[in-house]
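Here is how the chains run, residue by residue.
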Amino acid sequence: MTPDPTWVWPARAPASGGVRLRAFTDADVAAVQALARDPYVPQIGSLVLDACAEEAAAWITAQHGRLAERAGFSFAVADATTDACLGACGLWLRDVGTGTATAGYAVVPEHRGRRVATDALRAVTGFAWTRPPVQRVELHVEPWNAASRRVALAAGYAEGALLPGAHEIGGRFRDVVAFTATRPG
Ligand SMILES: CC(C)(COP(=O)(O)OP(=O)(O)OC[C@H]1O[C@@H](n2cnc3c(N)ncnc32)[C@H](O)[C@@H]1OP(=O)(O)O)[C@@H](O)C(=O)NCCC(=O)NCCS
């Protein structure tokens, strides 16, 4: 039986600017630990705060299962030249039956401020359009998160409404701004 193309890992790494998106590897443990030292990153995903090497390795293993469990694609954001892991970027398809995917991203603190997140979001959004059921990609950004709002706008997302208490972050339902990219006509 032909596998559903929505759920096939890309044969070619999605890329934009200076980054490409690939699977996490064991070589990324230190980068994942660096991500886990930003107290906000564990609140928006499944990493534990201040993950030790074993916890980071377990998190990487869990990312390898995200496709099989039909959660979505969990990519490492890699430097296109050195392949070093600069961050994480996910395309989540749990609600793809409605045409909507969501995306999320985080950059290792020492690599911030040089468009890594913008490139990663452009790459993952382009990748989303290779999956036929995806009609729109949404981001949910807390209003205070100016860097993430700028990333969304730079990657071509349209800013939408403030959604009160719409998203559980760090165990609390928080207000988020919805940003949307729509499948190009
Ligand atoms: C948000 C985040 C992903 C940005 O990563 P990054 O690689 O530094 O982002 P980029 O370099 O592509 O762009 C950041 C933009 O925000 C701006 N910026 C950075 N910090 C800022 C701040 N405190 N206030 C306002 N703007 C800020 C930068 O100048 C840049 O804008 P520009 O391109 O117009 O100059 C990173 O800060 C991060 O990982 N934060 C923690 C996780 C997180 O918040 N994820 C998003 C959840 S919705």
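Note: the structure precedes this text.
Residues numbered from 1 in each chain as written. Predicted model: local features only at pLDDT ≥ 70, side-chain atom pairs only at ≥ 80, totals over all residues.

Draft legend 1. Expanded view of the sheet that holds strand S4 (residues 85-92). Spatially, S1-S2-S3-S4-S5-S6-S8-S7 is the arrangement adopted by the eight strands of the open sheet, whose pairing is mixed. Each end of this open sheet is capped by a strand with a single partner; those strands are strand S1 (15-16) and strand S7 (158-169). Across six bridges, strand S6 (residues 136-141) lies against strand S8 (residues 172-182) in antiparallel orientation. Among the inter-strand pairings, Val 137 is bridged to a residue of S8, identified as Ala 181. Docked against the sheet, helix H5 (residues 146-154) engages S6, S7 and S8, running at close to 160 degrees with respect to S6. (Pairing = 2+ DSSP bridges. Helix = DSSP H or I, 4+ residues; strand = E, 2+ residues; numbered from the N terminus. Contact = placed C-beta atoms within 7 Å. Axes fitted to C-alpha atoms, helices over the stretch in contact; angles between N-to-C directions.)

Draft legend 2. View of the environment of His 140. As for its placement among the helices and strands, His 140 is situated in strand S6. Exposure remark for His 140: the 19 C-beta atoms within 10 Å place this residue in the partly exposed category. Through-space distance from the C-alpha of His 140 to that of Ala 11 is 28 Å; in sequence the pair is 129 residues apart. Beyond its immediate stretch of four places on either side in the chain, His 140 contacts Thr 102, Ala 166, His 167, Val 176 and Ala 178. (Buried ≥ 20, exposed ≤ 12 C-beta atoms within 10 Å, placed from the backbone.)

Draft legend 3. Looking closely at unusual backbone geometry. For Asp 50, which is not glycine, the phi torsion reads 55 degrees and is therefore positive. Its location among the elements puts Asp 50 in the loop between helix H2 (40-43) and helix H3 (53-64). Looking at Asp 50, the number of C-beta atoms within 10 Å reads 11, which means it is exposed. Although it is not a glycine, Arg 115 sits at a positive phi angle of roughly 70 degrees. In this structure, Arg 115 sits in the loop between strand S5 (100-107) and helix H4 (116-128). The partly exposed category is assigned to Arg 115, around which 16 C-beta atoms lie within 10 Å.

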